[in-house]
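So you can see what is in the structure, the chains are spelled out below.
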Amino acid sequence: MPSIGVSGMAFYTADAMPGWRGDVFVGGLAIPKLVRLERDGDRITGSEDLLEDLSLRIRQVVQGRDGALYLLTDESDGEILRVGPAG
């Protein structure tokens, strides 16, 4: 099974996106994407691949004070992406 090349990880604890509270987000370098891991206590109960269509390697994932996730891409013209609630 290929590894996504995990890089950067954040536990989501904010209120901005309540459906994601308690989930873990990891960035992928070998397979460019952001992965959301759903948890129930200490167990991973599901996963969702996000941002695959951007084809950007995710180096770091952090939760901002505003409750959004901020992603640092690992590209020659790297970017900081903000993932937050719609609107």
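Here the structure is shown first, and the text comes after it.
Residues numbered from 1 in each chain as written. Predicted model: local features only at pLDDT ≥ 70, side-chain atom pairs only at ≥ 80, totals over all residues. Heavy atoms only, no water.

1. Section: the sheet that holds strand 2 (residues 24-28)
Hydrogen bonds between backbone groups are what pair the strands of a sheet, and the pairing can be parallel or antiparallel.
Argument step 1. Spatial strand order, 1-2-3-4: four strands in an open sheet with antiparallel pairing. Looking at the sheet topology across the chains shown, the edges are occupied by strand 1 (6-11) and strand 4 (43-50). Shown here is a sheet whose adjacent strand axes are inclined to one another by a mean of 25°, direction ignored.
Argument step 2. Relative to strand 4, strand 3 (residues 33-40) runs antiparallel, the two being bridged by seven bridges. Its bridge partner lying in strand 4, Arg 39 is registered against Ile 44. (Pairing = 2+ DSSP bridges. Helix = DSSP H or I, 4+ residues; strand = E, 2+ residues; numbered from the N terminus. Axes fitted to C-alpha atoms, helices over the stretch in contact; angles between N-to-C directions.)

2. Focus on the nonpolar core
Argument step 1. Formed by 15 residues in total, the largest nonpolar core has its most connected members in Tyr 12, Trp 20, Phe 25, Leu 34, Val 61, Leu 69 and Leu 71.
Argument step 2. Residue assignment for this core shows that the elements contributing at least two residues are strand 5 (58-63), strand 6 (69-73) and strand 7 (80-83).
Argument step 3. Excluding residues that lie within four positions of it along the chain, Phe 25 makes contacts with Gly 8, Met 9, Ala 10, Tyr 12, Trp 20, Leu 34, Val 35, Arg 36, Leu 50, Val 61 and Leu 69. (Core = buried A, V, L, I, M, F, W, Y, C linked by side-chain atoms within 4.5 Å. Buried < 20%, exposed > 50% of the residue type's maximum accessible area, 1.4 Å probe, protein only. Contact = heavy atoms within 4.5 Å.)

3. Quick look at the side chain of Asp 23
Argument step 1. Mapped onto the fold, Asp 23 is located in the loop between strand 1 and strand 2.
Argument step 2. Owing to a relative accessible area of 5%, Asp 23 belongs among the buried residues under this scheme.

4. Let's talk about unusual backbone geometry
Argument step 1. Even without glycine at this site, Leu 51 takes up a positive phi of about 65°.
Argument step 2. Looking at the element boundaries, Leu 51 is found in the loop between strand 4 and strand 5.
Argument step 3. Using a relative accessible area of 27% as the deciding quantity, one classes Leu 51 as partly exposed.
Argument step 4. Unusually for a residue other than glycine, Ser 55 sits at a positive phi of about 50°.
Argument step 5. Position of Ser 55 relative to the elements: it lies in the loop between strand 4 and strand 5.

Nothing here speaks to function; it is all geometry.
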